[in-house]
Amino acid sequence: MTKLGLPDRVTACLFDLDGVLTETAVVHAAAWKETFDDFLRRREGPAFRPFDATDYEQYVDGRPRVDGVRVFLASRGIELPEGKGDDPPESDTVRGLGNRKNALFLEKIRTQGVEPYAGSVRYVDAVRAAGLSTAVVSSSANCREILISAGMEDRFDVRIDGLVAAERRLSGKPHPDTFLEAAHDLGAEPQAAAVFEDALAGMDAGRAGGFGAVVGVDRVGQADALRRHGADIVVSDLAELLESPT
C-alpha cells in the first residue's frame, strides 16, 4: 500500500462528486424529497407515503437524474409518460419531475453555496503531489458549476459528468461506463485506477468495471452496505487514507 492508502499499481484516481468531494449530497436529497413528496401528495392525497432516506439511497443516489425518477416511481408501482427534455417543471412526466428536482437543487445551491469536504481537498492535493492523475466522475449535469463554487475545478485532469455522458452516449451508474471512460481519458487501465464513491450505485459501477481499488466513503452510516456492493476499503473521510499504514 502507498502513503495514499492505495495499492501500488494505482496511477489514477476517479472521484465521485456529491458526498465524496462536496457536501452537496444532502442538497440533492432535500431537492428529491421536495419533488417527490409534492408529486405523491397530489397523486395519493394526505395518506401518501413520503420519500425518505432509504428511498434516496436505494433508488436515486448516484444515478442519472431521469433514471432516478424512473427507478423510484417503479418502486411505488407508478408509471408516467417519459415526456421531453424541455418539459416544464410542473409537468407530471419523467422529464418534468427531473427538471423540477434540478430547478430546486440549483436554487438551493444559489442560496446556500457549496462547500468541499476539507479532508477530500487534503487527499486530492496529496494524490496530485504524488504524481497520480485525477478525474471527477459524476452523473450531475451541474458538475462544473459545483466544482467552481467549491474552488476545486483546477484539481482534476478529466471531468466526466452528466453532460459528457450524454454527449458520448455513456450509460450511467450502476454501469461502469463513465468510470471506464475517465480512466481511458487519463490513459490508465482499469486495474491501475481507483474509484472513490459514496453511493451504492457507484459501488456497483466500481465492482463491475474491474478497477484496481474501490473506496467507499461512508457519510451516512452505511459501511456494511458499501462493502456488500463492492467496496474494498470504507472510510468516513478521505483524509483517513493518508493515515493508513504503508
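So, how was this worked out
- Residues numbered from 1 in each chain as written.
- Predicted model: local features only at pLDDT ≥ 70, side-chain atom pairs only at ≥ 80, totals over all residues.
- Heavy atoms only, no water.
- Phe/Tyr/Trp six-rings, centres within 6.5 Å; stacked < 30°, edge-to-face > 60°.
- Helix = DSSP H or I, 4+ residues; strand = E, 2+ residues; numbered from the N terminus.
- Buried < 20%, exposed > 50% of the residue type's maximum accessible area, 1.4 Å probe, protein only.
- Pairing = 2+ DSSP bridges.
- Axes fitted to C-alpha atoms, helices over the stretch in contact; angles between N-to-C directions.
- Contact = heavy atoms within 4.5 Å.
- Parallel < 35°, antiparallel > 145°, perpendicular 65-115°, else oblique.
- Left-handed = near helix turned anticlockwise from the far one by under 90°.
- Nonpolar A, V, L, I, M, F, W, Y, C, P; charged D, E, K, R; others polar.

### Some points on the packing of aromatic side chains
Part 1 of the argument: Counting across every chain of the model gives 10 aromatic pairs.
Part 2 of the argument: Judged by centre distance (5.0 Å) and plane angle (80°), the rings of Phe51 and Phe72 are edge-to-face. With Phe51 in the loop between α1 (25–44) and α2 (53–60) and Phe72 in helix α3 (residues 65–75), this residue pair connects regions lying 21 residues apart in the sequence. Residue Phe51 shares its accessibility class with Phe72, and that shared class is buried.
Part 3 of the argument: Between the aromatic rings of Tyr59 and Phe72, the centroid separation amounts to 6.4 Å while the plane-to-plane angle is 50°, which identifies the pairing as tilted. Of the two residues, Tyr59 sits in helix α2 while Phe72 sits in helix α3, which places them 13 residues apart along the sequence.
Part 4 of the argument: Taking the relative accessible area as the measure of exposure, Tyr59 reaches 22% and is therefore partly exposed.

### Focus on unusual backbone geometry
Part 1 of the argument: Going from Lys173 to Pro174, the amide bond is cis rather than trans, its omega being 15°.
Part 2 of the argument: Within the secondary structure, Pro174 sits in the loop between α7 (162–168) and α8 (177–185).
Part 3 of the argument: Backbone geometry places Arg169, a non-glycine residue, at a positive phi of 60°.
Part 4 of the argument: As for its placement among the helices and strands, Arg169 is situated in the loop between α7 and α8.

### Focus: the sheet that holds strand β4 (residues 193–197)
Part 1 of the argument: The 6 strands lie next to each other as β3-β2-β1-β4-β5-β6, forming an open sheet whose pairing is parallel. Single-partner strands in this sheet number two, and they are β3 (158–160) and β6 (233–235). Strand-to-strand twist of the sheet, defined as the mean angle between neighbouring strand axes without regard to direction, takes the value 20°.
Part 2 of the argument: The pairing of strand β2 (residues 133–137) with β3 spans 3 bridges and is classified as parallel. Considered in β3, the bridge of Ala135 is made with Val158.
Part 3 of the argument: Contacting β1 (12–15), β2, β3 and β4, α8 runs over the sheet at an angle of about 160° to β3.

### Quick look at the packing of α1 against α3
Part 1 of the argument: Packing of α1 against α3 brings their axes to within 13 Å, and their N-to-C directions diverge by 45°. Here α1 is positioned oblique relative to α3, judged by the angle of their axes. You can see that α1 and α3 cross each other, and the crossing is right-handed. Of the residues in α3, those in contact with Trp32, Phe36, Phe39 and Leu40 of α1 are Arg65, Gly68, Val69, Phe72 and Leu73.
Part 2 of the argument: Among the residues forming the contact of α1 with α3, the class breakdown is 7 nonpolar, 1 polar and 1 charged.

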